[in-house]
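Coordinate analysis (summary)
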Amino acid sequence: MSRRDLTVAPERLADWLAGVDERHGPALVDASAETVALRCPDGTCVELDVPYPPLDVDRDDRYGGLVAHALTSRTVGLLLLRRGSAAVGVAAGGRLVAAKVERRRVQGRTAAGGWSQQRFARRREQQANELVGVVAEAARRVMVPYADRLDAMALGGDRLLLRTLRDDARLAPLWRPAQLSVPVVRDPRHDVLVEAAGSVRRVRVTVVDPPG
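Notes on the structure follow.

The rules behind the values
- Residues numbered from 1 in each chain as written.
- Predicted model: local features only at pLDDT ≥ 70, side-chain atom pairs only at ≥ 80, totals over all residues.
- Heavy atoms only, no water.
- Pairing = 2+ DSSP bridges.
- Helix = DSSP H or I, 4+ residues; strand = E, 2+ residues; numbered from the N terminus.
- Axes fitted to C-alpha atoms, helices over the stretch in contact; angles between N-to-C directions.
- Phe/Tyr/Trp six-rings, centres within 6.5 Å; stacked < 30°, edge-to-face > 60°.
- Lys NZ or Arg CZ within 6 Å of the ring centre and 35° of its normal.
- Buried < 20%, exposed > 50% of the residue type's maximum accessible area, 1.4 Å probe, protein only.
- 1 Å grid on protein atoms, 1.4 Å probe; cavity = no way out; pocket = protein on both sides within 12 Å on 5 of 7 lines; lining within 4 Å.
- Points joined across faces, edges and corners; volume = space filled by probe spheres on them.
- Nonpolar A, V, L, I, M, F, W, Y, C, P; charged D, E, K, R; others polar.
- Polar contact = N/O pair within 3.5 Å; in protein donor to acceptor, adjacent residues only side chain to side chain.
- Contact = heavy atoms within 4.5 Å.

Working definition: the strands of a sheet are paired by backbone hydrogen bonds and lie parallel or antiparallel to each other. Here five strands make up an open sheet; going across it, the order is 1-10-4-3-2 and the pairing antiparallel. This sheet does not close on itself; its edge strands, each paired only once, are strand 1 (2-8) and strand 2 (28-31). Strand after strand, the sheet turns through a mean of 15° between neighbouring axes, direction not considered.

The geometry of an aromatic ring pair comes down to the distance between the two centres and the angle between the two planes. A full pass over the atoms with the stated rule returns zero aromatic pairs. Directly above the ring of Trp175 sits Arg166, whose terminal nitrogen or CZ lies 4.9 Å from the centroid.

With that settled, consider the pairing of strand 6 (residues 85-92). Within strand 6, seven of the eight residues are buried, leaving the element largely enclosed by the surrounding structure. In this sheet, strand 6 lies alongside strand 5 (residues 75-82) in antiparallel orientation, the contact comprising eight bridges. Considered in strand 6, the bridge of Leu80 is made with Ala87. Between strand 5 and strand 6, which follow one another and run antiparallel, lie two residues, and Gly84 among them has a positive phi close to 110°. With eight bridges connecting them, strand 6 and strand 7 (residues 95-103) associate as antiparallel partners. Its bridge partner lying in strand 7, Ala92 is registered against Arg95. Between strand 6 and strand 7, which pair antiparallel in sequence order, lie two residues; one of them, Gly93, sits at a positive phi of approximately 60°.

Our focus in this paragraph is empty space enclosed by the protein. Going through the model one piece at a time under the given rule, you end up with one cavity of 30 Å³ or more. In this model, the largest cavity occupies a volume close to 90 Å³. Tyr52, Thr72, Arg74, Val200 and Arg201 are the residues nearest the centre of the largest cavity, which is lined by 13 residues in total. Along the lines of polarity and charge, the residues of the lining of the largest cavity split into seven nonpolar, four polar and two charged.

What follows deals with unusual backbone geometry. Cis peptide bonds are those with omega within 30 degrees of zero, and the linkage from Pro53 to Pro54 qualifies with 10°. Within the secondary structure, Pro54 is located in the loop between strand 4 (45-49) and helix 2 (66-71).

Moving on: the side chain of His24. By the secondary structure assignment, His24 is in helix 1 (residues 10-24). Within the local environment of His24, its side chain forms a polar contact with the side chain of Thr44, the two groups lying 3.3 Å apart. Once residues within four sequence positions are removed from consideration, His24 is found in contact with Cys40, Pro41, Asp42, Thr44 and Asp209.

Attention now goes to the layout of surface pockets. Taken as a whole, the largest pocket encloses approximately 650 Å³ of empty space. Of all the secondary-structure elements, those providing two or more residues to the lining of the largest pocket are strand 9 (178-181), helix 5 (190-199) and strand 10 (203-209). If you tally residues by element for the lining of the largest pocket, the top one is helix 5, at four residues. Its residues placed into classes, the lining of the largest pocket shows 15 nonpolar, three polar and eight charged. Reported here for the second largest pocket is a volume of approximately 250 Å³. Lining of the second largest pocket is provided by 14 residues; of these, Gly156, Gly157, Arg159, Leu162 and Ser181 occupy positions nearest its centre. A breakdown of the residues in the lining of the second largest pocket according to their chemical character gives six nonpolar, three polar and five charged.

Laid out in structure tokens, this is it:
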């Protein structure tokens, strides 16, 4: 038995599902508010996470209305933060409509013979706090005007710094919608923000193939 995790763009979802039937035989479909599960005649199981749940299940549609649900245009706030750089933005239908990138120096490891450890730690904390302050102001300017239209907030990066941002009163309106997690493996830049705007629309899929 093998398991594969993948994502599918909403625009490709209908063809991708049709391909499952072609490769594995017509599946039995069980749609719920959170997931759509396919049980294929050859033993393959496919589970699709409903993006932006709940799904208002359409019993007259083979996949419960999942494709139409996934194609619905949504407005998502994006906040990507690592020590030294951050990117904030708003995406509508997968396209950025507002964005801002900030960079601030945050001290790395101190070299041998440099500052004392305590002085180094204080300086690093000060720099991190300065970055958080700059990012909070950028988020207030860029994202808060869209707060009433946000379907979700997508967060990625340094968890400690993100938690600090959540305590900033200026950003309180941003935490009302659902929260999504975005993996950030590179320094947040405009191109990374563009990638995140597309990735938060994709449907997460798990495929489990039978043994042999």
